[in-house]
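Remarks on the overall topology
Letter by letter, the chains look like this.
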Amino acid sequence: MSFKQSLIDAIEDNQMEMIMPSREYTDSEIVWMKGYNQALKDMLEDYDNDIEDAIQKSLTFSLNMW
């Protein structure tokens, strides 16, 4: 399993837990879960952007690379 897929799975699992909780959560736990999910989404967005940049750089040739 890839890092990206692990992030996606964690986001989906956390969203499902918030929609259909497996137990009763305190207000602070709910706030924490929302923050955790947002952090995972931010990581996924950063990962996607970094991959795009890496691909672009690998495809761009420059004599001044070094």
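A brief report on the enclosed structure follows.

Calculation rules
Residues numbered from 1 in each chain as written. Predicted model: local features only at pLDDT ≥ 70, side-chain atom pairs only at ≥ 80, totals over all residues. Heavy atoms only, no water. Helix = DSSP H or I, 4+ residues; strand = E, 2+ residues; numbered from the N terminus. Rg over C-alpha atoms; globule rule 2.2 N^0.38 Å. Buried < 20%, exposed > 50% of the residue type's maximum accessible area, 1.4 Å probe, protein only. Areas by Shrake-Rupley, 256 points an atom, 1.4 Å probe, with all protein chains shown as cover. Lys, Arg positive; Asp, Glu negative; His and termini not counted. Charge placed at Lys NZ, Arg CZ, Asp CG, Glu CD. Axes fitted to C-alpha atoms, helices over the stretch in contact; angles between N-to-C directions. Parallel < 35°, antiparallel > 145°, perpendicular 65-115°, else oblique. Left-handed = near helix turned anticlockwise from the far one by under 90°. Contact = heavy atoms within 4.5 Å. Nonpolar A, V, L, I, M, F, W, Y, C, P; charged D, E, K, R; others polar. Expected span 1.5 Å × (residues − 1).

The helix and strand tally for the protein chain stands at 2 helices and 0 strands. Here the C-alpha atoms of the protein chain give a radius of gyration of 18 Å, more than 25% beyond the 11 Å that 2.2 N^0.38 yields for 66 residues. Dimensions along the principal axes, computed over C-alpha positions, put the protein chain at roughly 60 × 25 × 15 Å. Split into buried and exposed, the 66 residues of the protein chain put 14% on the buried side. Surface summary for the protein chain: the accessible area is close to 5700 Å², and the carbon and sulfur share equals 58%. Within the protein chain, the 14 negative side-chain charges are centred at a point lying 1 Å from the centre of the 5 positive side-chain charges.

It is at 10 Å that the axes of helix α1 (residues 3-19) and helix α2 (residues 27-59) come closest, and there the two elements cross at 155°. It follows that α1 is roughly antiparallel to α2 by the angle criterion. For the element pair α1 and α2, the recorded crossing hand is left-handed. Where α1 abuts α2, its residues Phe-3, Lys-4, Leu-7, Ile-8, Ala-10, Ile-11, Asn-14, Gln-15, Glu-17 and Met-18 lie against Met-33, Lys-34, Tyr-36, Asn-37, Leu-40, Lys-41, Met-43, Leu-44, Tyr-47 and Asp-48. A class-by-class count of the residues in the contact of α1 with α2 yields 12 nonpolar, 3 polar and 5 charged.

A separate point is the environment of Leu-44. In this fold, Leu-44 is placed in helix α2. Leu-44 sits in the buried class, given a relative accessible area of 16%. Considered as a pair, Leu-44 and Ile-19 are 25 residues apart in the sequence and their alpha carbons are 21 Å apart. Among all residues touching Leu-44, those that are not within four sequence positions of it are Lys-4, Leu-7, Ile-8 and Ile-11.

If you check α2, its first and last C-alpha atoms are 48 Å apart, about what 33 residues at 1.5 Å a residue would give, namely 48 Å. Listed in full, the buried residues belonging to α2 are Met-33, Asn-37, Leu-40 and Leu-44. As for α2, its buried residues are in contact with α1.

Read these as geometric descriptors, not functional statements.
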